[in-house]
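Listed below are the residues making up each chain.
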Amino acid sequence: MALVIIAGGITALLIAALVGPVFFHHHLIEVENSPGTTFEHAEAAFISASTLTLAIALGASALTSLAVSLILARRIGASLGTMSTAAAQVAAGRFQARVARPRVGAEFDELADAFNDMATRLDRDEDLRRRLMADVAHELRTPVTTISATVDALEDGVQQLDPQTVEVLRTQASRLTRLAADLAAVTRAETGALHLDRQPMTPQEVLEVAAESARDRYTAAGVELVVEASTHLPEVWVDADRFGQVLANLLDNALRHTPTGGRVGLGASRHGDGVRVVVADTGEGIDGVHLPHVFERFYRVDTARDRDHGGSGIGLSITRALVHAHGGTITAHSAGVGTGTRFVIDLPAAATVADLPTADLQ
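Attention here is on the structure that accompanies the text. (Residues numbered from 1 in each chain as written. Predicted model: local features only at pLDDT ≥ 70, side-chain atom pairs only at ≥ 80, totals over all residues. Heavy atoms only, no water.)

1. Some thoughts on the overall build of the protein chain
Put simply, the rule is: Note on conventions: DSSP H or I runs of at least 4 residues are helices, E runs of at least 2 residues are strands, and numbering of each starts at the N terminus. Accessible area is worked out with a 1.4 Å probe on protein chains only. A residue is then buried under 20% of its type maximum, exposed over 50%, and partly exposed in between. Contacts between residues were defined by any pair of non-hydrogen atoms, one from each residue, lying within 4.5 Å. Per-residue and other accessible areas follow the Shrake-Rupley method at a 1.4 Å probe size, with only the shown protein chains counted as cover for residues.
Each helix and strand in the protein chain was counted, giving 8 helices and 7 strands. Burial status across the protein chain gives 35% buried among its 362 residues. Long-range contacts, defined here as pairs at least 24 residues apart, represent 68% of the contacts in the protein chain between residues at least 6 apart. Working note: accessible area of the protein chain is about 20,600 Å², and carbon and sulfur atoms make up 60% of it.

2. A short note on the nonpolar core
Across soluble globular proteins, nonpolar side chains show a tendency to be buried alongside one another. Using the following cut-off: In this text, buried Ala, Val, Leu, Ile, Met, Phe, Trp, Tyr and Cys residues form a nonpolar core when linked through side-chain atoms within 4.5 Å.
Y218, L251, L266 and I345 are the most contacted members of the largest nonpolar core, which has 45 residues in total. When near neighbours in sequence (up to four residues on either side) are disregarded, L266 contacts L207, A210, A211, V226, V227, E228, L247, L251, V277, V278 and V279. Of all hydrophobic cores here, the second largest spans 9 residues; its members include M83, F95, A97 and A119.

3. Examining the sheet that holds strand β4 (residues 263–271)
Stated formally: Strand pairing follows a simple DSSP-based rule, namely that at least 2 bridges must link the two strands. Here an axis means a line fitted to C-alpha atoms, over the contact stretch when the element is a helix, while the angle between two N-to-C directions is reported on a 0 to 180 degree scale.
Here 5 strands make up an open sheet; going across it, the order is β2-β4-β5-β7-β6 and the pairing mixed. Pairing within the sheet leaves two strands with one partner each, and these edge strands are β2 (224–229) and β6 (329–333). On average, adjacent strands in this sheet sit at an angle of 15° to one another, irrespective of strand direction. As paired elements, β4 and strand β5 (residues 274–281) share 8 bridges and run antiparallel to each other. Opposite G267, over in β5, you have V278 as the bridge partner. Together, β2, β4 and β5 form the strand contacts of helix α5 (residues 203–221), whose direction differs from that of β2 by roughly 175°. Packed on one face of the sheet, helix α6 (residues 240–256) meets β2, β4, β5, β6 and β7 (341–347) and runs near 170° to β7.

4. Thoughts on helix α3 (residues 106–156)
Here is the rule we go by: Working rule for helices: expected span equals 1.5 Å times residues minus one. Bend angle per residue: angle between axes fitted to the 7 residues ending at that residue and the 7 residues starting there.
In a regular helix each residue adds 1.5 Å, so 51 residues correspond to 75 Å; α3 covers 73 Å between its end C-alpha atoms and thus fits that length. Along α3, the sharpest change in direction is near 30° and occurs at R141; proline P143 comes one to four residues later. Of the positions making up α3, those classed as buried are D109, A112, F115, N116, A119, D123, E126, V136, E139, P143, T150 and A153. Directly after α3, the chain includes G157, whose backbone phi takes a positive value near 80°.

5. Here we look at the environment of V4
Within the secondary structure layout, V4 lies in helix α1 (residues 2–30). A residue is classified by how much of its surface remains accessible, and V4, at 17% relative accessible area, is buried. Measuring from C-alpha to C-alpha, the distance between V4 and A67 comes to 8.9 Å, with 63 residues separating the pair along the chain. Setting aside anything within four residues of it in sequence, one finds V4 in contact with S65, V68, S69 and L72.

6. Some points on the pattern of salt bridges
If the charged atoms of two oppositely charged side chains come close together, the side chains can form a pair. Our working rule: Salt bridges are defined as contacts in which a side-chain nitrogen from Lys or Arg sits within 4 Å of a carboxyl oxygen from Asp or Glu.
In total, this model carries 7 salt bridges according to the counting rule given. Put simply, E212 and R215 hold a salt bridge, and the shortest N to O gap is 3.6 Å. With E212 and R215 both in helix α5, this residue pair falls 3 residues apart, about one helical turn. Between E228 and R263 there is a salt bridge, and its shortest N-O distance comes to 3.3 Å. You can see E228 sitting in strand β2 and its partner R263 sitting in strand β4, a full 35 residues away along the chain. Where salt bridges share partners, they join R101, D109 and D113 into one cluster.

7. Focus on the packing of α6 against helix α7 (residues 315–325)
Condition: Helix crossings are classified by the rotation of the near helix relative to the far one: an anticlockwise turn of less than a right angle makes the crossing left-handed, while a clockwise turn makes it right-handed. Here the nonpolar group is Ala, Val, Leu, Ile, Met, Phe, Trp, Tyr, Cys and Pro; Asp, Glu, Lys and Arg are the charged ones; every other residue, Gly included, is treated as polar.
Running from N to C, α6 and α7 cross one another at 145°; their axes reach a closest spacing of 9 Å. Handedness of the crossing formed by α6 with α7: left-handed. Touching R242, Q245, V246, N249 and L250 of α6 are G315, L316, I318, T319, L322 and V323, all from α7. The residue inventory of the contact of α6 with α7, partitioned by class, reads 6 nonpolar, 4 polar and 1 charged.

8. Describing the pairing of β5
Two faces belong to every sheet, and in a regular strand the side chains alternate between them. By the criterion of burial, β5 is predominantly enclosed, with 6 of the 8 residues buried. If you look at the hairpin formed by β4 and β5, you'll find 2 residues sitting between the two strands, and G272 has a positive phi there, around 65°. As paired elements, β5 and β7 share 7 bridges and run antiparallel to each other. Residue A280 lies in a different strand from β7, and its bridge partner there is R342.

9. Considering the packing of α5 against α6
Formally: Each angle gets one of four labels, with under 35 degrees taken as roughly parallel, over 145 as roughly antiparallel, 65 to 115 as roughly perpendicular, and the rest as oblique.
Two elements in contact, α5 and α6, have axes whose closest approach is 10 Å; the angle formed by their N-to-C orientations is 30°. Our classification of the angle between α5 and α6 gives roughly parallel. As α5 runs across α6, the sense of the crossing is right-handed. For the pair formed by α5 and α6, the contact residues are V206, L207, A210, A214, R217, Y218 and A221 on the first element and F243, L247, L251, D252, A254 and L255 on the second.

Here it is as structure tokens:
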């Protein structure tokens, strides 16, 4: 709109500057020999030239404004048409569609950027959905195949329903149950449908409870578990059961990847206005290529993290979702294979969380 007004104004000014003096001079010559005073002749010439100049200037300004408006309208229309076509492609499931910035205004450029960001996220989510479906099918295949083969063997009389066979069936059924429970848990946490019964707790108390729960397993595996928490730390606002599940997952993960004679440290320290909890082991470590993906569902770094070593493959996904539900963040660090792994959780202090509205705490 501003461009149309400016174009029309410049056109009117140029026409007036070019045409006005010519008409005024021409009229003075025409009335030079007419009766009347010089002032009367000049006044008549001015009125006539001004009227004619204004009419021409306004007409030219209107035509220029119309031309500029048509050009802009065509550009805007073409941009909206392109975006409409891309939106139809996205609606049809072709999330690779993108639109170029039309550069006809900041709002249109922002709209194009927002559309491209939306399409990118939808494309990524679709890839994750396809991979999730493939991974779930892969995870189900082994226990279902084992149960089916065992049942067929029982029906054919090849195998007897002895305690060993019952144990195989029970193990595979438990595996299916655990997978279903883990999928339900991570879905509730990621969608915000998980209710947290929060209360202020000291980091030392949280760590000691988690360590005591895992102590027997660590002793049996010959792995040292050490708790190191700084004194005078601020309280954290956590659900004891859910955050205990976070630490239990991390401690179980560390135990699986730490050989006999290794060491796992569970520590807490002040970090800014909050508390940092660290679970560090001296085990296998993780290659840097895999670090950005360790929290993804069913992602397996190598054969040491396959299903035969326990877990459904989404334990760390559940851990991240629960940490985020507590308003915290979790990251994984490792210098490479054979150097151990550190999982770092940053939580806000209870005093900080208590200042938030109640709706933000759910």
